[in-house]
Amino acid sequence: VTYLDPVKQPTVQLTSTGPTSLGNTSVVVTTHQSPGGGAVTCGTSTLGGTPVLRHFNITPQNTSGVAVTVRLYFDPSEMNGNSLDDLGIYHCNGTAWTWWSTGRTTGTDPTSGYDYIEIPNLTEFSPFAIGADYHAASTVTLNSSLNPSTYGQAATYTAMVTGGSGTPTGTVTFYDNGTLLT
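Predicted, not measured: the structure shown is a model, and the values here were computed from it.

Trainee: Would you mind going over the environment of I58 in detail, with residue names and values included?
Mentor: Looking at the secondary structure, you find I58 in strand β6 (residues 54-60). On the basis of relative accessible area, I58 is assigned to the buried category, the value being 0%. In the structure, I58 is positioned 69 residues away from P127 in sequence and 6.4 Å away in space, judged by C-alpha atoms.

Encoded structure:
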């Protein structure tokens, strides 16, 4: 099933990949962000404005035992300087946005000229957002309390991690010639 916007361009295409029907399904494009637009919130998690292209609510009547391929469409003018390879689908799991990239494909519909992002075998629904990959490579800057230092002097090292969106999470581990520093 393909859902069209008011000017008859595609917005969402749902293709069943399982034996169970979705039943009556509503699809609403709830936010169409323009460059510099506002943030989209899910629980306590927020996707920043500019990278978010569209925000979708997909509500099927049946959610048990269904699997669909979801194709989300958007106008190429909405790319905000991103390439198709930089974009993906975020899913609101009720408390936070999660990045879905497994099996993700992108392309351009030859009939409408709209770009799309597709995720196969989807079993969870609503809401979704198309956005830039916030999981972009991070940068680590390392500073020493002594620079220069001499052999045997105690020094404190501080790592600053930047990249992606929001506060980076994870661990920075220091080694000296393969030996873990504690």
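Trainee: Outline unusual backbone geometry, listing residues and values.
Mentor: Note the cis peptide between N147 and P148, where omega equals 5°. Checked against the element boundaries, P148 lands in the loop between β13 (139-144) and β14 (157-162). Although it is not a glycine, N121 adopts a positive phi angle of roughly 55°. Positive phi outside glycine occurs at N177, with the angle close to 50°. Tracing the backbone shows N177 in the loop between β15 (175-176) and β16 (179-180). By relative accessible area, which is 79% here, N177 ends up exposed.

Trainee: So what's going on with the packing of aromatic side chains? Residues and values would help.
Mentor: Summed over the entire model, instances satisfying the criterion amount to one aromatic pair. Of note, R71 hangs over the ring of Y116, and the distance from its end group to the ring centre comes to 3.7 Å.

Trainee: Just give me the short version of the sheet that holds strand β10 (residues 105-108), but keep the residues and values in it.
Mentor: Within the open sheet, the five strands sit side by side as β1-β2-β7-β11-β10. Their pairing is antiparallel. A single partner strand is all that each edge strand has here, and the edge strands are β1 (2-4) and β10. For this sheet, the mean inter-axis angle between neighbouring strands, taken without regard to orientation, is 20°. Across five bridges, the pairing between strand β2 (residues 10-16) and strand β7 (residues 68-74) is antiparallel. By the bridge assignment for β7, V12 is matched with L72.

What counts as what
Residues numbered from 1 in each chain as written. Predicted model: local features only at pLDDT ≥ 70, side-chain atom pairs only at ≥ 80, totals over all residues. Heavy atoms only, no water. Helix = DSSP H or I, 4+ residues; strand = E, 2+ residues; numbered from the N terminus. Buried < 20%, exposed > 50% of the residue type's maximum accessible area, 1.4 Å probe, protein only. Phe/Tyr/Trp six-rings, centres within 6.5 Å; stacked < 30°, edge-to-face > 60°. Lys NZ or Arg CZ within 6 Å of the ring centre and 35° of its normal. Pairing = 2+ DSSP bridges. Axes fitted to C-alpha atoms, helices over the stretch in contact; angles between N-to-C directions.

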